[in-house]
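Given next are the chains, with one letter for each unit.
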Amino acid sequence: DFIPDGTIVFSALVDSKHYWYVESKNVYTGKGWEVTDSGVDFPVQSGRVLPHTRPIGGGMELSETQTDLINIIKREKHIPYPNPVYNAAIFAEQNDEVIENLTYIPETNKLIIDSEENFRWIASYDMMYQTPTYHINSLQAAGSDQIDLYYPESLYTQLPENLPPRIKELAESITQDETTMYDKVKAIEDYFNSPDYTYSRTDVPYPKEDEDFVDQFLFETMRGYCDHFSTSMVVMLRALDIPARWVKGYSSGRYVRYVGVY
């Protein structure tokens, strides 16, 4: 069962609600997710644009620069940040301070405080960024040739050799009337709105040792929570050779109050 935890992790002063990124994983094992480790990471400096938030491609418009003010309440190793964003940079609470021991992990897009010996807790920080507006025509026109320019296919199309074939067959049947990659993605997303599937945090069946996690959910139990739906979607997309990865983070959270600016 999935037991919700109401512990407050952080508070944020924002212009609008959005998702908060924590990390992604790219290797599906048949039971869950793991992540490759190239051993390469990048130090993050205050005020520098995060490497994975530089704009790529076209077909979108960027907002004016926004600033979120984040106050950490529960100490963690990771730093949550808004998503999707471009030209994002992190700043210490005081402009004359420098954020130390923060590292970007490219395989996961995760920001972590990496030094235990010289651990410095970041109690609060600012994140400046721009948000994208995507145009539907550009999304529908995008193809694998454009995706290959930015994302290594091997990282985001991996599937276990023993993946049950009926998973791919289902994905193909759902998308058989769609011609664009974008419309295929939307078709699979919409598929999970079917009343045949039930969202539940309790009494969720667990796959047996010889069962694939996604196969069991799609064809046997049709009952589960966020991990079941998101993992199944990513695996079906990969079965269609559409690069996808599993991402986790925080929702927009609980609204506390409006702060007017005068």
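Residues numbered from 1 in each chain as written. Predicted model: local features only at pLDDT ≥ 70, side-chain atom pairs only at ≥ 80, totals over all residues. Heavy atoms only, no water.

Draft legend 1. Region of interest: the packing of helix α4 (residues 165-175) against helix α5 (residues 181-191). Between α4 and α5, the shortest axis-to-axis distance is 9 Å and the interhelical angle comes to 110 degrees. The angle between α4 and α5 places the two elements in the roughly perpendicular class. Between α4 and α5, the residues in contact are Leu170, Ala171, Ile174 and Thr175 and Lys184, Ala187, Ile188 and Tyr191, respectively. Partitioning the contact of α4 with α5 into residue classes produces 6 nonpolar, 1 polar and 1 charged. (Axes fitted to C-alpha atoms, helices over the stretch in contact; angles between N-to-C directions. Helix = DSSP H or I, 4+ residues; strand = E, 2+ residues; numbered from the N terminus. Parallel < 35°, antiparallel > 145°, perpendicular 65-115°, else oblique. Contact = heavy atoms within 4.5 Å. Nonpolar A, V, L, I, M, F, W, Y, C, P; charged D, E, K, R; others polar.)

Draft legend 2. A look at α4. Restricting attention to buried positions, one finds in α4 the residues Ile167, Leu170, Ala171, Ile174 and Thr175. One face of α4 carries all of its buried residues, which in axial projection span an arc of 120 degrees. The secondary structure elements touched by the buried residues of α4 are α5, α6 (213-221) and α7 (226-239). (Buried < 20%, exposed > 50% of the residue type's maximum accessible area, 1.4 Å probe, protein only. Arc of directions from axis to C-beta.)

Draft legend 3. How the structure looks around the pattern of salt bridges. Counted by the stated rule, this structure contains 6 salt bridges. The shortest N-O distance in the salt bridge between Glu220 and Arg166 comes to 2.9 Å. Taken as a pair, Glu220 in helix α6 and Arg166 in helix α4 lie far apart in primary sequence, 54 residues in all. Measuring nitrogen to oxygen at the nearest pair gives 2.7 Å for the salt bridge that ties Lys186 to Glu189. On the criterion of helical spacing, the pair formed by Lys186 and Glu189 is a turn pair, its members being 3 residues apart in helix α5. (Salt bridge = Lys/Arg side-chain N within 4 Å of Asp/Glu carboxyl O.)

Draft legend 4. Seen up close, the sheet that holds strand β2 (residues 19-25). A sheet is described by the order of its strands in space; here 3 strands give the open sequence β8-β2-β16, paired in antiparallel fashion. This sheet does not close on itself; its edge strands, each paired only once, are β8 (81-83) and β16 (246-250). On average, each strand axis in the sheet is inclined to that of its neighbour by 60 degrees, with strand direction left out of account. As paired elements, β2 and β16 share 5 bridges and run antiparallel to each other. Within the sheet, the bridge partner assigned to Glu23 lies in β16 and is Lys248. (Pairing = 2+ DSSP bridges.)

Draft legend 5. Here's a closer look at the nonpolar core. Core analysis: the largest hydrophobic core is formed by 26 residues, its most contacted members being Ile188, Phe192, Leu218 and Met236. Only α4, α5, α6 and α7 provide two or more residues apiece to this core. For this core, the leading source of residues is α7, giving 6 residues. When residues no more than four places from it in sequence are discounted, the contact partners of Phe192 are Tyr197, Phe217, Leu218, Phe229, Ser232, Met233 and Met236. One finds Tyr21, Leu50, Ala88 and Tyr104 within the second-largest nonpolar core, a separate group that totals 21 residues. (Core = buried A, V, L, I, M, F, W, Y, C linked by side-chain atoms within 4.5 Å.)

Draft legend 6. Fine view of the sheet that holds strand β5 (residues 42-43). On the basis of which strands lie adjacent, the open sheet formed by 3 strands has the order β5-β10-β11 and antiparallel pairing. If you trace the sheet from one side to the other, it starts and ends with β5 and β11 (110-113), each paired once. Here β5 runs beside strand β10 (residues 102-105); their pairing, made up of 2 bridges, is antiparallel. Bridge pairing in β10 links Pro43 to Thr103.

Draft legend 7. Focus on the pairing of strand β7 (residues 66-72). Covered by surrounding structure in β7 are Gln66, Asp68, Ile70 and Ile72 only, the residues Thr67, Leu69 and Asn71 on the alternate face being uncovered. Judged from the 4 bridges that link them, strand β1 (residues 10-13) and β7 form a sheet pairing that is antiparallel. Within β7, the residue paired with Phe10 across the bridge is Ile72.

Draft legend 8. Structural context of the pairing of strand β9 (residues 86-92). Within β9, 5 of the 7 residues are buried, leaving the element largely enclosed by the surrounding structure. Across 5 bridges, the pairing between β9 and strand β12 (residues 124-130) is antiparallel. In the sheet register, Tyr86 faces β12, and the bridge partner there is Gln130.

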